[in-house]
Amino acid sequence: MKEIVKGIRYIGVDHLDLDLFESQYTVPEGMAYNSYLIVDEKVAILDTADARKGEEWLRNLEAALEGRKPDYLVIHHMEPDHSATVAPVLEKYPDVTVVGSAMALKFLGQFMPEKPVKNTLAVKEGDTLTLGSHTLKFIAAPMVHWPEVMVSLDTATGVLFSADAFGKFGALCKTAFWADEDPDWACEGRRYYFNICGKYGSQVQALLKKLGGESISVIAPLHGPIIRKDLNYFLNLYNTWSSYGVETEGVFVAFASIHGGTAKVAEMVAEKLKALGCPKVAVSDLARDDRAEAVEDAFRYGRMVLAACSYDAGLFTPAHDFLHSLQVKGYSKRKVALIENGSWAPSAARVMKEMLGAMKDVEIVGEPVTIRSRYKEADEPALDALCKAILS
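Given the structure is predicted, the values throughout are model-derived calculations rather than measurements.

Engineer: Would you mind showing me how to read the side chain of S310 here?
Structural biologist: Looking at the element boundaries, S310 is found in strand β19 (residues 301–311). A relative accessible area of 17% means that S310 is categorised as buried. Polar contacts involving the side chain of S310 include one to the main-chain amide nitrogen of A348, which spans 3.1 Å. Leaving out residues up to four positions away in the same chain, S310 has contacts with I258, E340, N341, G342, A345, P346, S347 and A348.

Listed below in structure tokens is the structure:
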């Protein structure tokens, strides 16, 4: 338990043995389920925790309450990693008033059909909840990244409870409690953003515009470290990410190779790009590396070289799955160059073009290069031309 500012306590829990967040994202440093308690004339719990850490979270709550009873339980986001422990709170404190958007309260009934809620308070954009010296102002944040999401601002202290926005993978005991003490925040924060919220750039932009008129001193997300310093750094990152801007100048080389031939060509291209003065070249093996990190790098850089094998008259599965992930997450405003490999009937470039063509403002530059089984010296001019095209 830590005090964020006077009267606002952190009561969240770390999940260290979690294998996959949302059953799909690797979290080698675990995950934090953040929750807060405002202790004033009235007491408000702000979100709960995943059921798998429910008992630990409830112990934190009891310790922070110091014998008092909560008046309100605020639900900013109904996803079960934040709301699965609502039922035990209602069992112990049946008179507590559950506060959330109208849609959140509807979802609450869907997730807990067997547990009727005695007292509810539906809030909307601009509504306030006064606790004493602390007053929560609610700001709607639909589709960041569920439709029922609200964030709230304590107008007395400037603490923004940002729901899933400004979150990060990793347990706080493994990274840092405060974001300014976490040197790797941007790395995992970026992977988290593009894989959790990446599709909803316009909705994140809308939220950022609303927050632009508010006085914010601390950002308290539902995952990851608490942000208390250099807020403009984090806000600017979110503005770049949500507007699909280029964060880092360079080229991302992604390859999917079956027997090593395509991998060799991709590695050659990476070296050629460096020799041509490319400021940064990142390389990913789509068959072996974490796909969420590949998605992260595809958004981080404005340019990508995608090299893949032909497979079953189509595209090798890891490359196909990667492009599908980019489609789902809203990949846009990028330049891409293509390399295909095929021993008898090359088909990878055709499928890659089709999938990229369904994305917004994605430009395929240069002529796709076709490798027949293995690199040959005769392929050199085409690869050189492709490297110059992606850098132009």
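Engineer: Help me understand the packing of helix α10 (residues 317–329) against helix α11 (residues 348–357), please; the structure alone is not making it clear to me.
Structural biologist: Relative placement of two packed helices is described by the angle separating their axes and the distance separating the axes. It is the contact of α10 with α11, at a shortest axis distance of 10 Å, that shows an interaxial angle of 10°. When the axes of α10 and α11 are compared, the pair comes out roughly parallel. Here H320, L323, H324 and Q327 of α10 lie close against α11, whose contacting residues are V351, M352, M355 and L356. Here the contact of α10 with α11 is composed, by residue class, of 5 nonpolar, 3 polar and no charged.

Engineer: I tried to follow the nonpolar core on my own but got confused; where do I start?
Structural biologist: In a soluble, globular protein the nonpolar side chains are often hidden away together inside. Of all hydrophobic cores here, the largest spans 94 residues; its most connected members are Y238, F322 and L326. If one sorts the elements of this core by residue count, helix α5 (residues 185–197) sits on top with 7 residues. Y238 has contacts with D164, A165, F166, G167, W185, Y192, Y193, V204 and L208, leaving out every residue within four places of it along the chain.

Engineer: How do you make sense of unusual backbone geometry when you look at a structure like this?
Structural biologist: Excluding glycine, residues mostly carry a negative phi; peptide bonds, for their part, are mostly trans. Backbone torsion omega between V144 and H145 reads 0°, so that peptide bond is classified as cis. Phi angles above zero are rare outside glycine, and E22 is one such case at about 55°. Although it is not a glycine, E66 adopts a positive phi angle of roughly 50°. Along the polypeptide, E66 turns up in the loop between α1 (54–65) and β9 (72–74). Owing to a relative accessible area of 57%, E66 belongs among the exposed residues under this scheme.

Engineer: Please clarify how the sheet that holds β9 should be interpreted in this entry.
Structural biologist: Backbone hydrogen bonds are what pair the strands of a sheet, in a parallel or an antiparallel way. In space, the 7 strands of this open sheet follow the order β1-β2-β7-β8-β9-β10-β11, with mixed pairing throughout. Two strands close off the open sheet at either side, each with one partner strand: β1 (2–5) and β11 (119–122). Taking each pair of neighbouring strands and ignoring which way they run, the sheet shows an average axis angle of 25°. Direction of pairing for β1 relative to strand β2 (residues 8–10): antiparallel, over a ladder of 3 bridges. Within β2, the residue paired with E3 across the bridge is R9. Against the sheet, helix α4 (residues 102–111) makes contact with β10 (97–100) and β11, and its axis sits at roughly 125° relative to β10, the strand it touches most.

Engineer: Even after reading the chapter, I still don't get the layout of surface pockets, so can you show me in this structure?
Structural biologist: Rolled over the atoms, a probe with the dimensions of a water molecule shows which regions are left empty. Of the pockets and cavities examined, the largest pocket occupies roughly 320 Å³. Along its surface, the largest pocket is lined by 19 residues, and I258, S310, G342, S343 and W344 are the ones closest to its centre. With 3 residues, the single largest contributor to the lining of the largest pocket is β19. Of the residues that constitute the lining of the largest pocket, the class distribution is 6 nonpolar, 11 polar and 2 charged. Its volume calculated, the second largest pocket comes out at about 220 Å³. Forming the walls of the second largest pocket are Q24, Y25, N195, D290, R291, A292, V295, H324, S325, V328 and K329. Broken down by secondary-structure element, the contributors of at least two residues to the lining of the second largest pocket are α9 (291–300) and α10. With 4 residues, the single largest contributor to the lining of the second largest pocket is α10. Class assignment of the residues belonging to the lining of the second largest pocket gives a composition of 4 nonpolar, 4 polar and 3 charged.

Each value, and the rule that gives it
- Residues numbered from 1 in each chain as written.
- Predicted model: local features only at pLDDT ≥ 70, side-chain atom pairs only at ≥ 80, totals over all residues.
- Heavy atoms only, no water.
- Helix = DSSP H or I, 4+ residues; strand = E, 2+ residues; numbered from the N terminus.
- Buried < 20%, exposed > 50% of the residue type's maximum accessible area, 1.4 Å probe, protein only.
- Polar contact = N/O pair within 3.5 Å; in protein donor to acceptor, adjacent residues only side chain to side chain.
- Contact = heavy atoms within 4.5 Å.
- Axes fitted to C-alpha atoms, helices over the stretch in contact; angles between N-to-C directions.
- Parallel < 35°, antiparallel > 145°, perpendicular 65-115°, else oblique.
- Nonpolar A, V, L, I, M, F, W, Y, C, P; charged D, E, K, R; others polar.
- Core = buried A, V, L, I, M, F, W, Y, C linked by side-chain atoms within 4.5 Å.
- Pairing = 2+ DSSP bridges.
- 1 Å grid on protein atoms, 1.4 Å probe; cavity = no way out; pocket = protein on both sides within 12 Å on 5 of 7 lines; lining within 4 Å.
- Points joined across faces, edges and corners; volume = space filled by probe spheres on them.

Distances and angles like these do not, on their own, reveal function.
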